[in-house]
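# Observations on the model geometry
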There are 2 protein chains.
Amino acid sequence: MKKHNFNAGPAILPDYTIEKSIEAIKDLNGSGLSLLTISHRSKDFDAIMDGAVAATKRLLDIPEGYSVIFLGGGASTQFYTIPYNFLGTKAAYLDTGTWALGGIKEAKLYGEVEVVASSKDKNYSYIPKGYKIPTDVDYFEICCNNTIEGTEIREDWDVSVPFIADMSSDIFSRPVDVSKYSLIFAGAQKNFAPAGVTMVIIKDAFLEKVVRPVPTMADYRVHVSKNSMFNTPPVFPIFAALKTMEWIEMSGGVKEMEKRAIDRSEKVYAELERNKFFVPTVEDPADRSRMNITFLLKPEYAELETAFLDLAKARGLVGIKGHRSVGGFRASCYNALPMESVDALVATLQEFEKSN
Amino acid sequence: MKKHNFNAGPAILPDYTIEKSIEAIKDLNGSGLSLLTISHRSKDFDAIMDGAVAATKRLLDIPEGYSVIFLGGGASTQFYTIPYNFLGTKAAYLDTGTWALGGIKEAKLYGEVEVVASSKDKNYSYIPKGYKIPTDVDYFEICCNNTIEGTEIREDWDVSVPFIADMSSDIFSRPVDVSKYSLIFAGAQKNFAPAGVTMVIIKDAFLEKVVRPVPTMADYRVHVSKNSMFNTPPVFPIFAALKTMEWIEMSGGVKEMEKRAIDRSEKVYAELERNKFFVPTVEDPADRSRMNITFLLKPEYAELETAFLDLAKARGLVGIKGHRSVGGFRASCYNALPMESVDALVATLQEFEKSN
């Protein structure tokens, strides 16, 4: 049976990435060696690393004065390396849920944290508006897409202090005006690579704002000056990232990824609004994530949860269960998800309605 | 042409690991999904993680009271997370070269560092002896195998303070008496997996010795309590690690790996001592690494360096050039290196002698 991969992360990758990975693991560029056993100081890997940096810069149209680095490990590490480097006295955060709170928690180890606004009052089902960002902070940090709660910020705001964004789960799903940010970070395992690498885009001038001595591996200046090669980088995930970026470019770039994300999410949200059994957890369409569509059975049908999960499984839908911390359902629709899978989801929602 | 992979890391892996990786990337266990796109919260991945932990415990005969965790990123991160967690006032280090110094440098950010001995006076070409380990330190840390300088410590010492060892480049190459250590760490890309994961074996009682608040991702207690699943772990490198451990077990375990390492290294060192052109950089056989055999042309033949590298390349020997910081040559002979490759190296050394 064909599987439809709605996993929230690690998540679906393009077939192109999978196929090129297999080829390179068998033999990289006819070298007689596997991608898994080459030196990170080899010319073959130089081309991969340089290629991944260049593709990122092309895809996001990154202006001069920014560096792109690929770091081992997950985005959660950035939650503390950012304040370790840049939080001297006070930082501002927007509380939009689990991953935003991840950053807020670590920042408190290094200085004062001002939470400018929170949507906790309604289970993080909206993006807070109408708050002021203080001007006496070292930076202001947000999480653009809230994987667990299903909300998303898709505008590149004008912020008068250094602006930092966690784009782990929506990177490459829309054009981004990178010039508005001092630092963007993105764990790979949602939209562009298998788990094990985090991409950081950093304004070079921001590197001068480091406020205290930091250990070498936590020091962005080191990784920038060494082109992500201070230590052995995660070779394979970076290769896979490059292949996904090639696929995005061949497919029409991030503008096309945005169009596909709109098409996918509009189709699913429309069905959720029409279907008498289900309801999206996020009311305001402007706040709804295109990447992670969270939804519930209406309260009167709540006892059918297992029945729907069983049907979804029977129809080949993988990863539909909501995050264990919030329950309900979640359909993650990342860049590589084909419309065929969206249609399978909509058909399953309709089948469930008919049969109950 | 058949390639002989003497890379220092990332390095050769068993064909078994490569083949199983390709199979799983195509389709994991008949799931219809690639290993690269499964959730780390899936049953399939639980089996991989649990399997890797269990295999580590079996292979190294780890006693009760120790935990095994797999962390994203490289071993260099441990250089600072160890003192961040455990260096309250003073720590002792043995200076055996580049990687030992990596730990020493970061420790100084967190407290006083006493370097108990150093072999810097002779370019780190021996393991220092006859020093005292202070008893008033939070821990004593060593790097067992010095990849760049070609020395190795193969005994599990009795140390009266918590004993920490970096076994990044010789893990699984010999039986280890884990009970002597409070913490062992090993980056994967030498002896057991592609780059992107670091294994940590930690004595549970040592976790109680954390001296200051540490960020969540740097907190060993968190990773132990969450079974390495606090955040998304590097799924693919952990899978590959498991496969290599399976291969080690099928091959006869770490005792057999030790036998092979002795056989390989004795053959190469014997040829280096016999050959009139070359000399091992480490004089004392007891201090010579079995993993990284470093050697030089004798001073009178020094101008032949490029000629030898050219011949090595022509004979399919990959990665023979010494580390850029020390020059000369290096043959890294990790667990997966077949004797056939050692024979090819010896034949090339002999061919070079005859033709010059």
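Residues numbered from 1 in each chain as written. Chains lettered and ligands numbered in written order. Predicted model: local features only at pLDDT ≥ 70, side-chain atom pairs only at ≥ 80, totals over all residues. Heavy atoms only, no water.

## Some details on the UniProt feature "binding site: pyridoxal 5'-phosphate" (unreviewed entry) in chain A
Convention followed: UniProt positions are given in the numbering used here, feature names are shortened, and annotations may be inferred rather than shown by experiment. In the cavity and pocket records, a cavity denotes points on a 1 Å grid over the protein atoms alone where a 1.4 Å probe fits but cannot get out, a pocket denotes an open set with protein on both sides within 12 Å along at least 5 of 7 lines, and lining residues are residues with an atom within 4 Å of a point. The numbering of helices and of strands both runs from the N terminus, where a helix is a DSSP run of H or I of at least 4 residues and a strand a run of E of at least 2. Throughout, exposure labels follow a simple rule: accessible area from a 1.4 Å probe, protein chains only, divided by the maximum for the residue type, with under 20% read as buried, over 50% as exposed, and the rest as partly exposed. Contact definition: two residues touch when any of their heavy atoms are within 4.5 Å.
According to UniProt, the "binding site: pyridoxal 5'-phosphate" (unreviewed entry) feature falls on Ala75, Ser76, Trp99, Thr147, Asp166, Gln189, Asn231 and Thr232 of chain A. With a sequence span of 158 residues, these residues are also far apart in the fold, their greatest C-alpha distance being 30.5 Å. Put simply, the named residues that line the largest cavity are Asn231 and Thr232 of chain A. Counting through the fold element by element, Thr147 of chain A comes out in the loop between β6 (145–146) and β7 (151–152). Classification of Thr147 of chain A as buried rests on a relative accessible area of 4%. In this structure Thr147 of chain A touches Ala8, Trp99, Ser169, Lys190, Asn292, Arg330 and Tyr334 of chain A, once residues within four positions along its chain are discounted. If you trace the backbone, Gln189 of chain A turns up in the loop between β9 (183–187) and β10 (197–203). Those residues in contact with Gln189 of chain A, other than ones at most four positions away along the chain, are Gly9, Pro10, Ala11, Pro194 and Ala195 of chain A together with Thr232 of chain B.

## Notes on the state of the cysteines
Put plainly, two cysteines are in a disulfide when a covalent bond ties their sulfur atoms together. Residues and elements named next belong to chain B. Worth spelling out the cut-off: We call a pair of cysteine sulfur atoms a disulfide when they lie within 2.5 Å.
Throughout the structure, instances matching the rule amount to zero disulfides over all chains. Free cysteine: Cys144, not disulfide-bonded; nearest cysteine sulfur from Cys143 at 6.9 Å. Residue classification places Cys144 among the buried positions, given a relative accessible area of 1%. Distance from the sulfur of Cys333, which forms no disulfide, to the nearest cysteine sulfur (Cys143) is 18 Å. Looking at Cys333, the relative accessible area reads 0%, which means it is buried.

## Examining the side chain of Glu152 of chain A
Residues and elements named next belong to chain A. Going by this rule: Here a polar contact means two N or O atoms within 3.5 Å. Within protein one must be a hydrogen donor candidate and the other an acceptor candidate, and residues neighboring in sequence count only if both atoms are side-chain atoms.
Along the polypeptide, Glu152 turns up in strand β7. For Glu152, a relative accessible area of 2% puts it in the buried group. One polar contact links Glu152 to Arg154, side chain to side chain, over a distance of 2.7 Å. With near-sequence residues (within four places) excluded, Glu152 lies in contact with Ile127, Cys144, Asn145, Asp170, Ser173, Ala286, Asp287, Arg288, Ser289, Arg290 and Met291.

## Thoughts on empty space enclosed by the protein
The cut-off we apply is this: Grid points are joined across faces, edges and corners, and a volume is the space filled by probe spheres set on the points. Gly is placed with the polar residues, together with every amino acid not listed as nonpolar (Ala, Val, Leu, Ile, Met, Phe, Trp, Tyr, Cys and Pro) or charged (Asp, Glu, Lys and Arg).
With the rule as written, the count across this model stands at three cavities of 30 Å³ or more. Considering only enclosed or pocket space, the largest cavity measures out at about 480 Å³ in volume. Lining the largest cavity are 40 residues; nearest its centre among them are Gly72 and Thr77 of chain A together with Gly72, Gly73 and Thr77 of chain B. Mapped by element, the contributors of at least two residues to the lining of the largest cavity are β2 (66–72), α3 (76–86) and α5 (220–225) of chain A together with β2 (66–72), α3 (76–86) and α5 (220–225) of chain B. Each residue belonging to the lining of the largest cavity can be placed in one class, and the counts come to 16 nonpolar, 22 polar and two charged.

## A short note on the sheet that holds strand β11 (residues 278–280) of chain A
Residue and element names in this part refer to chain A. In plain terms, the rule: Between any two strands, at least two bridges found by DSSP are needed for them to pair. Here an angle of 0 to 180 degrees is reported between the N-to-C directions of two axes, which are lines fitted to C-alpha atoms, with helices fitted over the stretch in contact.
Spatial ordering of the open sheet is given by β11-β12-β14, a layout of three strands whose pairing is antiparallel. For this open sheet the edge positions go to β11 and β14 (329–332), each flanked by a neighbour on one side alone. Averaged over all pairs of adjacent strands, the angle between their axes in this sheet comes to 30 degrees, without regard to strand direction. Relative to β14, strand β12 (residues 292–297) is paired through four bridges, and the arrangement is antiparallel. Its bridge partner lying in β14, Ile293 is registered against Ala331. Sheet strands touched by helix α7 (residues 253–274): β11 and β12. Its angle to β12, the strand with the most contacts, is close to 10 degrees.

## Digging into the interface of chain B and chain A
We apply this condition: When a carboxyl oxygen of Asp or Glu is within 4 Å of a side-chain nitrogen of Lys or Arg, the pair counts as a salt bridge.
Across the boundary between the two partners, chain B contributes 53 residues, which contact 53 residues of chain A. Here chain B is connected to chain A by zero salt bridges. The tally of links from chain B across to chain A stands at 15 residue pairs in polar contact (both at pLDDT 80 or more). Elements with a minimum of two residues in the side of chain B that touches chain A: α1 (15–26), α3, α4 (98–107) and α6 (235–251) of chain B. Among the residues forming the side of chain B that touches chain A, the class breakdown is 26 nonpolar, 21 polar and six charged.

## Observations concerning the packing of aromatic side chains
All names here are of chain A. Inclusion rule: Two rings from Phe, Tyr or Trp (for Trp, the six-membered ring) form a pair when their centres sit within 6.5 Å of each other. Planes less than 30 degrees apart are called stacked, planes more than 60 degrees apart edge-to-face, and all others tilted.
Under the criterion given, the structure shown has 42 aromatic pairs over all chains. Seen in terms of ring centroids, Phe308 and Phe352 are 5.2 Å apart; in terms of plane orientation they differ by 75 degrees. Their pairing is edge-to-face. Separated by 44 residues along the polypeptide, Phe308 in helix α8 (residues 305–314) and Phe352 in helix α9 (residues 339–355) bring together distant segments of the chain. Comparing Phe308 with Phe352 shows no difference in burial state: the two are buried. By way of ring pairs, the aromatic residues Phe277, Phe278, Phe295, Tyr301, Phe308, Phe329 and Phe352 are connected into one cluster.

## Focus: the sheet that holds β2 of chain B
All names here are of chain B. Here we have seven strands laid out as an open sheet, ordered β2-β10-β9-β8-β5-β3-β4, and mixed in their pairing. Looking at strand neighbours, the two that pair on one side only are β2 and β4 (112–118), the edges of this open sheet. The mean inter-strand angle of the sheet, taken between neighbouring strand axes irrespective of direction, is 20 degrees. Relative to strand β5 (residues 140–143), strand β3 (residues 90–95) runs parallel, the two being bridged by two bridges. Bridge pairing in β5 links Tyr93 to Glu141. Here α3 sits on the sheet and contacts β2, β3, β5, β8 (163–166), β9 (183–187) and β10 (197–203); the angle it forms with β9, its principal contact strand, is near 160 degrees.

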